[in-house]
Amino acid sequence: EGGLSDGCYFYRSDFVLQWGLWLPGPEEGQEKEVPNPQPDLPENETRVGTFLSNSRGTAAVAHQLGLNGNAELFINLQDNEHLDTMSFGFCVWAQLADGRSLQVVRDLAAAVLEGKRPVIRRAFLKTPGEVVKVRWPMQDLFETCYREF
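What counts and what doesn't
Residues numbered from 1 in each chain as written. Predicted model: local features only at pLDDT ≥ 70, side-chain atom pairs only at ≥ 80, totals over all residues. Heavy atoms only, no water. Pairing = 2+ DSSP bridges. Helix = DSSP H or I, 4+ residues; strand = E, 2+ residues; numbered from the N terminus. Axes fitted to C-alpha atoms, helices over the stretch in contact; angles between N-to-C directions. Contact = heavy atoms within 4.5 Å. Phe/Tyr/Trp six-rings, centres within 6.5 Å; stacked < 30°, edge-to-face > 60°. Lys NZ or Arg CZ within 6 Å of the ring centre and 35° of its normal. pLDDT = per-residue confidence, 0-100. Salt bridge = Lys/Arg side-chain N within 4 Å of Asp/Glu carboxyl O. Buried < 20%, exposed > 50% of the residue type's maximum accessible area, 1.4 Å probe, protein only. Polar contact = N/O pair within 3.5 Å; in protein donor to acceptor, adjacent residues only side chain to side chain. Expected span 1.5 Å × (residues − 1).

### With respect to the sheet that holds strand 5 (residues 58-61)
Then comes step 1: The five strands are arranged 1-2-6-5-7 in an open sheet whose pairing can be described as antiparallel. On the outer flanks of this sheet lie strand 1 (10-13) and strand 7 (92-95), each paired with one strand and no other. Geometrically, the sheet is characterised by an average inter-axis angle of 25 degrees between neighbouring strands, direction not taken into account.
Then comes step 2: Pairing of strand 5 with strand 6 (residues 73-76), which is carried by three bridges, proceeds in the antiparallel orientation. Across the sheet, the residue bridging to Ala 59 is Ile 75, located in strand 6.
Then comes step 3: Most of the contacts of helix 1 (residues 99-113) go to strand 1, to which it runs at about 90 degrees, and overall it touches strand 1, strand 2 (16-19) and strand 6.

### Details of the packing of aromatic side chains
Then comes step 1: A full pass over the atoms with the stated rule returns three aromatic pairs.
Then comes step 2: Note that Arg 117 overlies the ring of Tyr 9, its terminal NZ or CZ placed 5.6 Å from the centroid.

### So, the confidence of the model for the protein
Then comes step 1: Scored by pLDDT, the protein has a mean of 81; 78% of the residues are at 70 or more.
Then comes step 2: Note that residues 134-149 has pLDDT below 50 and, in this model, 40 contacts with residues that lie over four places away or in other chains.

### Remarks on the pattern of salt bridges
Then comes step 1: Counted according to the given criterion, the structure contains three salt bridges.
Then comes step 2: Between Asp 14 and Arg 12 there is a salt bridge, with its nearest N and O atoms 3.1 Å apart.
Then comes step 3: Ionic pairing is found between Arg 117 and Glu 31, a salt bridge with its closest N-O pair at 3.2 Å. In this pair, Arg 117 sits in the loop between helix 1 and helix 2 (139-146) while Glu 31 sits in the loop between strand 3 (22-23) and strand 4 (32-33), placing the two residues 86 residues apart along the sequence.
Then comes step 4: The exposure class assigned to Arg 117 is partly exposed, which follows from its relative accessible area of 25%.

### With respect to the environment of Asp 98
Then comes step 1: Secondary-structure assignment places Asp 98 in the loop between strand 7 and helix 1.
Then comes step 2: Spatially, the C-alpha atom of Asp 98 lies 8.9 Å from that of Gly 57, the residues being 41 residues apart in sequence.
Then comes step 3: For Asp 98, the side chain forms a polar contact with the main-chain nitrogen of Ser 101, separated by 2.8 Å.

### Overview of helix 1
Then comes step 1: Here helix 1 contains 15 residues, and its C-alpha end-to-end distance of 21 Å stays within 8% of the 21 Å for a straight helix at 1.5 Å per residue.
Then comes step 2: Capping the start of helix 1, Asp 98 holds a side-chain oxygen 3.2 Å from the backbone nitrogen of Arg 100, two or three residues further along.
Then comes step 3: Trailing helix 1 by a residue or two, Gly 115 shows a phi angle of about 90 degrees, which is positive.

### Some points on the side chain of Asp 84
Then comes step 1: Note on placement: Asp 84 falls in the loop between strand 6 and strand 7.
Then comes step 2: In this structure the side chain of Asp 84 is engaged in a polar contact, spanning 2.8 Å, whose partner is the backbone nitrogen of Asn 54.
Then comes step 3: Residue contacts for Asp 84: discarding those within four places in its chain leaves Thr 46, Arg 47, Phe 51, Leu 52, Ser 53, Asn 54 and Gly 89.

### Description of unusual backbone geometry
Then comes step 1: Despite not being glycine, Ser 87 shows a phi value in the positive range, around 50 degrees.
Then comes step 2: Summarising the element assignment, Ser 87 is placed in the loop between strand 6 and strand 7.
Then comes step 3: For Phe 88, which is not glycine, the phi dihedral falls at a positive 70 degrees.
Then comes step 4: The residue Phe 88 is located in the loop between strand 6 and strand 7 in this model.

Printed below as a string of structure tokens:
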């Protein structure tokens, strides 16, 4: 709700659709990283509680070896079971709600593959049944993608 991802963009689309705290620059290679006020996660929660595999349509926390992740996130575009154990595992924390949501993700992934940089205008967490009181351009597109996140 603090707007941390607002203005950032989706930049990776191969076997995952990834985004993080990067603002698009005027040209490729001139991206600017947004300072993150949050510390890294205290532990990698891949094996804590209910285990969810990195299957198509699930969202997970990206991280580097030795780190537990923070604001770099991705949605699996295919089944990626290798991510369950690689680098101690990439923790799944959400799943897309329905086929319409998956289509939005596929459309975003296709745009990234075409060299476009889809920008997140406003990101928020929404619980099932919650009513959104403010509307903005492209909300319908992203609302489906973020419904269960």
